[in-house]
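Fold and contact review
Here's the letter readout for the chains.
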Amino acid sequence: MVESVIKNWQGEQVGETSFDLPVAKETTAAHIVHRALVRQMTNSRQGTASTKTRAEVRGGGRKPWRQKGTGRARAGSIRSPLWRGGGVIFGPKPRDFDLKMNRKERRLALRTALIGRAEDIIIVEEFSNELQRPKTKDLVAALARWGAVPEQKTLLILSEIAENVLLSARNIENLKLIPADQLNVYDLLHADKIVVTSSTLEKIQEVYSA
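Residues numbered from 1 in each chain as written. Predicted model: local features only at pLDDT ≥ 70, side-chain atom pairs only at ≥ 80, totals over all residues. Heavy atoms only, no water.

Focus on a nonpolar patch on the surface
The condition is simple: Think of a patch as exposed residues, more than 30% relative accessible area, with no salt bridge, where like charges cluster within 9 Å and nonpolar side chains (Val, Leu, Ile, Met, Phe, Trp, Tyr) cluster within 5 Å. For the accessible areas, the method is Shrake-Rupley and the probe is 1.4 Å, while residue cover comes only from the protein chains on display. The working definition used for a salt bridge is a side-chain nitrogen of Lys or Arg within 4 Å of a carboxyl oxygen of Asp or Glu. Exposed residues in this analysis have more than 50% of their type's maximum accessible area, buried residues have under 20%, and partly exposed residues fall in between, with area computed by a 1.4 Å probe over protein chains only.
The grouping of Ile 78, Leu 82 and Trp 83 at the surface amounts to a nonpolar patch, some 310 Å² of accessible area in total. Residue class for Ile 78 comes out partly exposed when judged on its relative accessible area of 32%.

What follows is the structure, encoded as structure tokens:
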């Protein structure tokens, strides 16, 4: 059980809340979170790097000189990997880096990572109504009042992203805005501070508790 205060738009404490999610055992928590992180980063690789072998490089079909009598080393193609402009030996080819992980394990790792960052979670009231129009300066000031200074990497999690909030947040350098249904281990671990609204926190508990 994690106890936390709720802050309003001005940064004042207006209430308290608690949240609890089933997490991995202490002995295995670091291992399962690490596996989930490696899986996410590995699966983000495109795997499109490709080089040409000597069979794929254009040209080289004619023997450059006769086999014997020239005094030079024998050569069968100008596209040999030993030649400039030739093929590549054991170079990369397109491949799939996909790593598998059970859905229950992924969810367990996500919950464990979130609870592990409990000290860095800032819970605030719903603030979309405070931004009558897109205003990056106002959102930056609010984040600072909540305890997420501009120099820190901040993750803002909302259940529903209003247009004014999206437009205000998209140009803030160290801020990343994601919806609650797109939580991931990398963003949770990468951020210095995690800002979440109270309604979003309830949705996270509802969705990820099972």
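Quick word on the pairing of strand β6 (residues 193–197)
Threshold: Counting from the N terminus, the helices are DSSP H or I runs at least four residues long and the strands are E runs at least two residues long. One requirement defines pairing of two strands: DSSP has to find at least two bridges between them.
The buried fraction of β6 is high, at 5 of 5 residues. Judged by which residues are buried, β6 turns out to be covered on both faces: Lys 193, Val 195 and Thr 197 on one side and Ile 194 and Val 196 on the other are all buried. Pairing geometry for strand β3 (residues 121–124) and β6, over 4 bridges, is parallel. Paired with Ile 122 across the two strands is Val 195, which belongs to β6.

With respect to helix α6 (residues 198–208)
The cut-off we apply is this: For this quantity, the arc is that covered by the directions from the helix axis to the C-beta atoms. Contacts were defined at the residue level, with two residues in contact if any of their heavy atoms lie within 4.5 Å.
Among all positions of α6, only Thr 200, Leu 201, Ile 204, Gln 205 and Tyr 208 are buried. Taken end-on, α6 shows its buried residues confined to a sector of 140 degrees, consistent with a single buried face. Residues of α6 that are exposed and angled more than 90 degrees away from the buried face: Glu 202 and Glu 206. Of the surrounding secondary structure, the elements contacted by the buried residues of α6 are β2 (13–19), α2 (103–116), β3, β4 (154–158) and β6.

A closer look at unusual backbone geometry
Phi at Phe 90 is positive, roughly 55 degrees, even though this residue is not glycine. Along the chain, Phe 90 turns up in the loop between α1 (26–43) and α2.

Concerning the pairing of β4
A large share of β4 lies buried, amounting to 5 of its 5 residues. Where burial is concerned, the two faces of β4 agree: the one with Thr 154, Leu 156 and Leu 158 and the one with Leu 155 and Ile 157 are both buried. In the sheet, β4 pairs with strand β5 (residues 175–179) via 5 bridges, with the strands oriented parallel. Opposite Leu 156, over in β5, you have Leu 177 as the bridge partner. Bridging between β4 and β6 involves 4 bridges; their strand directions are parallel. Paired with Leu 155 across the strands is Ile 194, a residue of β6.

Here we look at the packing of aromatic side chains
Going by this rule: Note on aromatic pairs: the rings of Phe, Tyr and Trp (six-membered ring only in Trp) are paired at centre separations within 6.5 Å, and the planes decide the class, stacked below 30 degrees, edge-to-face beyond 60, tilted for the rest. Whether a charge lies above a ring is judged from NZ of Lys or CZ of Arg, which has to be within 6 Å of the ring centre and within 35 degrees of the ring normal.
All told, the structure shown has 4 aromatic pairs when counted by the stated rule. Each member of the aromatic cluster is reached from another via a ring pair, and the members are Trp 9, Phe 127 and Trp 146. When the ring centre of Phe 97 is taken as origin, the NZ or CZ atom of Arg 45, which lies over that ring, is 3.8 Å away. Lying across the ring of Trp 65, Arg 72 places its NZ or CZ 4.0 Å from the centre.

Here's the deal with the pattern of salt bridges
All chains considered together, the criterion is met by 6 salt bridges. Its salt-bridge partner being Glu 105, residue Arg 35 comes within 3.1 Å of it at the nearest N-O pair. Taken together, the positions of Arg 35 in helix α1 and Glu 105 in helix α2 put the pair 70 residues apart, joining distant regions of the chain. In this structure Arg 35 comes out as partly exposed when scored by relative accessible area, which is 31%. For Glu 105, a relative accessible area of 24% translates into the label partly exposed.

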